[in-house]
Amino acid sequence: MLTHVQFMGEGRKRVLITGATGAIGKELTRFLQAQPNQDVITLSTGSHSRINIQDKKRIDKLLEQNPVDTIYHLAALNPFKSNRGADYFDTNVQGAENLLYSVLQLKKQGKKVPKVFLASSALAYTPEKIHIPSLDVTSPIKEEALDRTLEAAAQRVPAEAVTQGEVSQNLLRQFYLSKDEIYYNDSKLLAEMTARTYAKAGVPVKVGRLVNCYGKNANQLMNQLLVEVQSGQTPTLAGKDAKARDYLFFDSKQPQDDLLRSIQAIAEKGRNGEAYNVSSAGRFVRSPQAILNLVQHHGSSRNTALQAQTEPARNNPYAILSNQKLLTLGVEAPRTSPETGIKILCKHPSKSASVRLFNRFLEKLSKSWQALKNFFAKLLGFNAIKAS
């Protein structure tokens, strides 16, 4: 859905946020709207949406009719939302290209060209299907670890693919992949390759590689743990969830929000075509058991300790990302630790977490009612047989 605001006059910045109803998108919208010089247009998908990020023609029309200074591209299909690689490609890669291609057309027409922030993920360092030769995973991992891969891919894209808006399709062919084969991690890396290619064509796009982010409106690991702890269930962390991770808290009401101010700094001050790790540089890396202990401490009245069901403990070399490049933009190091963030989260649980908790209550109630009906059905049947 496209939401317009009334522009208040000269000297103010106009920004467009895609994915504005997502967890980070909601908070970024509030964060920017609270600033005196920002006018915000939000774009989100949904059952009542009029514009989809996959619709190239309508994106062209949107940007032509609504000239903006900055675009925050947050619209994406998150991990575990789909089992189909095509879904991740169409939304995360093709959707990003549609936006970048439209900005390129503005440049060719001599119109106002907005800066573009592309939200990527730390998981771009660990693609499933795309082989990265000689990736330097020396901790903390620096952005340069992917530079050679991104640059090589962009160099191989022919000029006509950029002209025709077919960069992402060309990248698939480079790696001998179909879009059905890729995973979320691959889609984020392919989107970055697409962004690097358009940056070389003159589009002012910057990339933020975000670590595991959590907040009041996020349907993320911590919110799920909170629901499970409050409902008396034993939390289960398996597979990829069992790894230690770096956590960044976001909340537009916090005066010095770690994540949102970093995103704005990258968009406004970042160098074109470059990526920036948005992380704590290892300061806020926590194990699943440590996170569970914090959630239980702040979110449950029970005294019994819960144990997270996890895979055997192992190190996660990709958990610690350098944030030195981000700090050069004038952003201070993150200061909200998981200990503080979880305390805030448990005091004000997300609406989605509360809804899930209520739905689970209804589900248990329904099962109990069904069991009661079955009991009486058997009882009545038994009495009927006995009477005969």
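It should be emphasised that the depicted structure is a prediction, and the values quoted were computed from it without experimental measurement. (Residues numbered from 1 in each chain as written. Predicted model: local features only at pLDDT ≥ 70, side-chain atom pairs only at ≥ 80, totals over all residues. Heavy atoms only, no water.)

Colleague: What is the right way to look at the nonpolar core in this model?
Modeller: Generally speaking, nonpolar side chains in soluble globular proteins are found buried as a group. Counting 81 residues, the largest nonpolar core has Ile24, Leu28, Tyr72, Leu190 and Met193 as its most contacted members. Per-element accounting of this core gives the leading share, 9 residues, to helix α3 (residues 85-108). Setting aside anything within four residues of it in sequence, one finds leucine 28 in contact with Ile17, Tyr72, Leu74, Leu260 and Ile263. Ile291, Leu294, Val295 and Ile344 belong to the second largest nonpolar core, which has 10 residues in total. (Core = buried A, V, L, I, M, F, W, Y, C linked by side-chain atoms within 4.5 Å. Buried < 20%, exposed > 50% of the residue type's maximum accessible area, 1.4 Å probe, protein only. Helix = DSSP H or I, 4+ residues; strand = E, 2+ residues; numbered from the N terminus. Contact = heavy atoms within 4.5 Å.)

Colleague: Before we go on, may I ask you to explain the side chain of glutamate 27 in this structure?
Modeller: Relative to the helices and strands, glutamate 27 is located in helix α1 (residues 23-33). The exposure class of glutamate 27 is buried, given its relative accessible area of 3%.

Colleague: Would you take a moment to explain the pairing of strand β2 (residues 13-18) for this structure?
Modeller: Regular strands show a simple pattern: their side chains alternate between the two faces of the sheet. Sheet topology places β2 next to strand β3 (residues 38-43); 6 bridges connect them, and they run parallel. Bridge assignment links arginine 14 to a residue of β3, and that residue is aspartate 39. One crossover worth recording links β2 to the parallel β3 by way of α1, and it is right-handed. (Pairing = 2+ DSSP bridges. Right-handed = clockwise from strand over helix to strand, strands pointing away.)

Colleague: What exactly am I supposed to notice about the sheet that holds strand β10 (residues 285-286) here?
Modeller: As a general point, the strands of a sheet are linked pairwise by backbone hydrogen bonds and lie either parallel or antiparallel. Pairing within the open sheet is mixed, and its 3 strands lie in the order β7-β8-β10. If you trace the sheet from one side to the other, it starts and ends with β7 (212-215) and β10, each paired once. Together, β7, β8 (245-250) and β10 form the strand contacts of helix α12 (residues 338-347), whose direction differs from that of β7 by roughly 35°. (Axes fitted to C-alpha atoms, helices over the stretch in contact; angles between N-to-C directions.)

So yeah, pure geometry; function would need other evidence.
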